[in-house]
Amino acid sequence: MAEMWIRGNFFQQALDHVNRRWGQAGLDKIGESHDNYLPEQTYPFENFCELLLKISNVLGEHSITDFSKLGGDMVRADERWKLMFKGQNPKEVFSTTKRQDDRYQVGNFELESAKDSEVKLTMKLKVGKKEHRGLWVEFYKGRLAGVLELTGHTGTVKVNPKKAKGAYQYTIMWEL
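Residues numbered from 1 in each chain as written. Predicted model: local features only at pLDDT ≥ 70, side-chain atom pairs only at ≥ 80, totals over all residues. Heavy atoms only, no water.

Trainee: Please provide a residue-by-residue account of the pairing of strand E4 (residues 107-115), values included.
Mentor: Regular strands place side chains that alternate from one sheet face to the opposite one. Where E4 and strand E5 (residues 118-125) come together, eight bridges link them in antiparallel fashion. If you follow Glu-110 over to E5, its bridge partner there is Thr-122. With antiparallel pairing between neighbouring strands as the criterion, E4 and E5 make up a hairpin whose turn holds two residues. (Pairing = 2+ DSSP bridges. Helix = DSSP H or I, 4+ residues; strand = E, 2+ residues; numbered from the N terminus.)

Written out as structure tokens, the structure reads:
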């Protein structure tokens with residue numbers, strides 16, 4: 001099985017979210033610190049999912065949609081992403097997923113179709129625990145929605161499981 005990893009800046013951004021929402025008391029409650037993660041270091045995918053679960057179980061973000069919101073909040077709070085996507089055409093932005101490759105390796109992302117106001121992507125996760133896959137699917141949905149918002153377009157992101165284990169289709173639609 002190929003290694004699944006995520007850069008430390010994702011962990012730090014998740015902890016930034018905890019700090020914004022619950023303050024230092026929230027960080028203390030989950031027993032995590034920014035110092036535990038180096039931004040450019042890679043960490044196992046499972047560790048990131050366990051951090052998300054800890055945020056859910058300890059701090060009370062129990063709805064799966066909270067993970068989607070967290071993913072979107074992390075994108076919207078990152079100044080680099082704001083500059084990168086501001087005013088961009090969503091069709092061009094979502095027609096490639098290569099910019100992700102140095103941030104995380106969790107599976108394969110393939111463009112299925114690209115129209116003027118809709119892009120369909122398929123994500124095929126590398127195995128992993130079912131619970132972790134579900135968290136990442138919603139987290140990634142939120143990231144896509146956050147990127148769409150940063151382009152300045154209004155729209156939606158829908159996700160549907162595909163027949164193959166660990167495969168999901170994301171449909172990103174926006175108003176022209």
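Trainee: Explain the sheet that holds strand E6 (residues 155-161) to me, and be specific about the residues and the numbers.
Mentor: One open sheet holds the four strands; their spatial order is E4-E5-E7-E6, and the pairing between them is antiparallel. Among the strands making up the open sheet, the edge pair consists of E4 and E6. Put simply, the sheet's adjacent strands are angled 20° from each other on average, direction ignored. Relative to strand E7 (residues 167-174), E5 is paired through seven bridges, and the arrangement is antiparallel. Residue pairing in the sheet places Glu-118 in a bridge with Met-173 of E7. In this fold helix H6 (residues 130-150) packs onto E4, E5, E6 and E7, with an angle of close to 20° to the strand it touches most, E7. (Axes fitted to C-alpha atoms, helices over the stretch in contact; angles between N-to-C directions. Contact = heavy atoms within 4.5 Å.)

Trainee: Please set out the sheet that holds strand E2 (residues 42-44) residue by residue, giving values where relevant.
Mentor: Strand order across the open sheet formed by three strands is E2-E1-E3, with antiparallel pairing between neighbours. The sheet terminates laterally at E2 and strand E3 (104-105), the two strands that pair on one side only. Sheet topology places strand E1 (residues 5-7) next to E3; two bridges connect them, and they run antiparallel. Of the residues in E3, the one forming a bridge with Trp-5 is Gln-105. Contacting E1, E2 and E3, helix H1 (residues 8-30) crosses the sheet at an angle of about 65° to E1. Of the strands in this sheet, E1 and E2 are in contact with helix H2 (residues 45-59), which crosses E2 at around 75°.

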